[in-house]
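A look at the structure
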Amino acid sequence: MPKYILFGSYCENALEKRTPYRQDHLEGLKQQKETGILVTLGPTKDNTKVFGIYDAENVEKVKELIENDPYWKNGIWTDYEIKEWIQAF
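Below or above, wherever it landed, is the structure these notes cover. In this text, all values refer to a predicted model and were calculated from it rather than measured experimentally. (Residues numbered from 1 in each chain as written. Predicted model: local features only at pLDDT ≥ 70, side-chain atom pairs only at ≥ 80, totals over all residues. Heavy atoms only, no water.)

**Here's the deal with the nonpolar core**
Operational definition: We define a nonpolar core as any set of buried Ala, Val, Leu, Ile, Met, Phe, Trp, Tyr and Cys residues linked to one another through side-chain atoms lying within 4.5 Å. Only protein chains enter the accessibility calculation, which uses a 1.4 Å probe; a residue whose area is less than 20% of its type maximum is buried, one above 50% is exposed, and one in between is partly exposed. Here, residues are in contact when the closest pair of their heavy atoms is within 4.5 Å.
Y4, Y10, Y54, V62, I66, I76 and W77 are the most contacted members of the largest nonpolar core, which totals 18 residues. Apart from residues lying up to four places away in sequence, Y10 is in contact with P43, N47, T48, K49, V50, Y71, I76, W77 and T78.

**Regarding unusual backbone geometry**
To keep it simple, the criterion reads: Only DSSP runs of H or I reaching four residues or more are called helices, and only runs of E reaching two or more are called strands; each is numbered from the N terminus.
Phi at N13 takes a positive value of approximately 55°, unusual for a residue other than glycine. For N13, a relative accessible area of 47% corresponds to the partly exposed category. Here N47, not a glycine, exhibits a phi torsion of approximately 55°, which is positive. Relative to the assigned elements, N47 resides in the loop between β2 (38-43) and β3 (49-55).

**As for helix α2 (residues 22-35)**
The condition is simple: Working rule for helices: expected span equals 1.5 Å times residues minus one. For this quantity, the arc is that covered by the directions from the helix axis to the C-beta atoms.
End to end, α2 covers 20 Å across 14 residues, agreeing with the expected 20 Å (1.5 Å per residue, within 8%). Those residues of α2 not exposed but buried are H25, L29 and Q32. Take α2 and look down its axis: the buried residues cluster within an arc of 60°, on one side only. Turned more than 90 degrees from where α2 packs its buried face, Q23, K30, Q31, E34 and T35 sit exposed. Those residues of α2 hidden inside the fold are in contact with β2, β3, α3 (59-67), α4 (70-73) and β4 (77-85). Immediately downstream of α2, the backbone of G36 shows phi near 95°, a positive value.

**Comments concerning the pairing of β2**
Quick reminder of the rule: Criterion used throughout: strands pair if DSSP finds at least two bridges between them.
Pairing analysis gives five bridges linking β2 to β3, with the strands arranged antiparallel. Its bridge partner lying in β3, T40 is registered against I53. Between β2 and β3, which pair antiparallel in sequence order, lie five residues; one of them, N47, sits at a positive phi of approximately 55°.

**Examining the packing of aromatic side chains**
Keep this limit in mind: Only the six-membered ring of Trp is used, alongside the rings of Phe and Tyr, when aromatic pairs are assigned; centres must lie within 6.5 Å, and planes under 30 degrees apart are stacked while those over 60 apart are edge-to-face, with the rest tilted.
Counting across every chain of the model gives three aromatic pairs. Between W72 and Y80, the aromatic rings sit 5.0 Å apart at their centres with planes inclined by 80°, giving edge-to-face as the arrangement. According to the relative accessible area criterion, W72 is partly exposed, its value standing at 25%.

**As for the pattern of salt bridges**
Selection rule: Here a salt bridge means any side-chain nitrogen of Lys or Arg lying within 4 Å of a carboxyl oxygen belonging to Asp or Glu.
Enumeration according to the criterion identifies three salt bridges in this entry. Residue K61 is joined to E64 by a salt bridge in which the shortest nitrogen-to-oxygen separation is 3.5 Å. Separated by three residues within a single helix, K61 and E64 lie in helix α3, roughly one turn from each other. Classification of K61 by relative accessible area gives partly exposed; the value is 26%.

Right under this line is the structure:
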């Protein structure tokens, strides 16, 4: 199955603004991890960017997961880009 990389950005003051959506966000990620589609996901230390790796059937599935995430729906993530990744090692 192909792997996809997510690169995205957070809004300003994301740590404060994410609070009402954080629990739903984390529960969704946990479910994705348990099903095997999400390999890893997290913010950069300065909380300006998000990075993730997905093991998905296609890019449309990854877009669906991102766009249904509470962080996307509520403007905590402000943009994203998905690239198919070739794992060399």
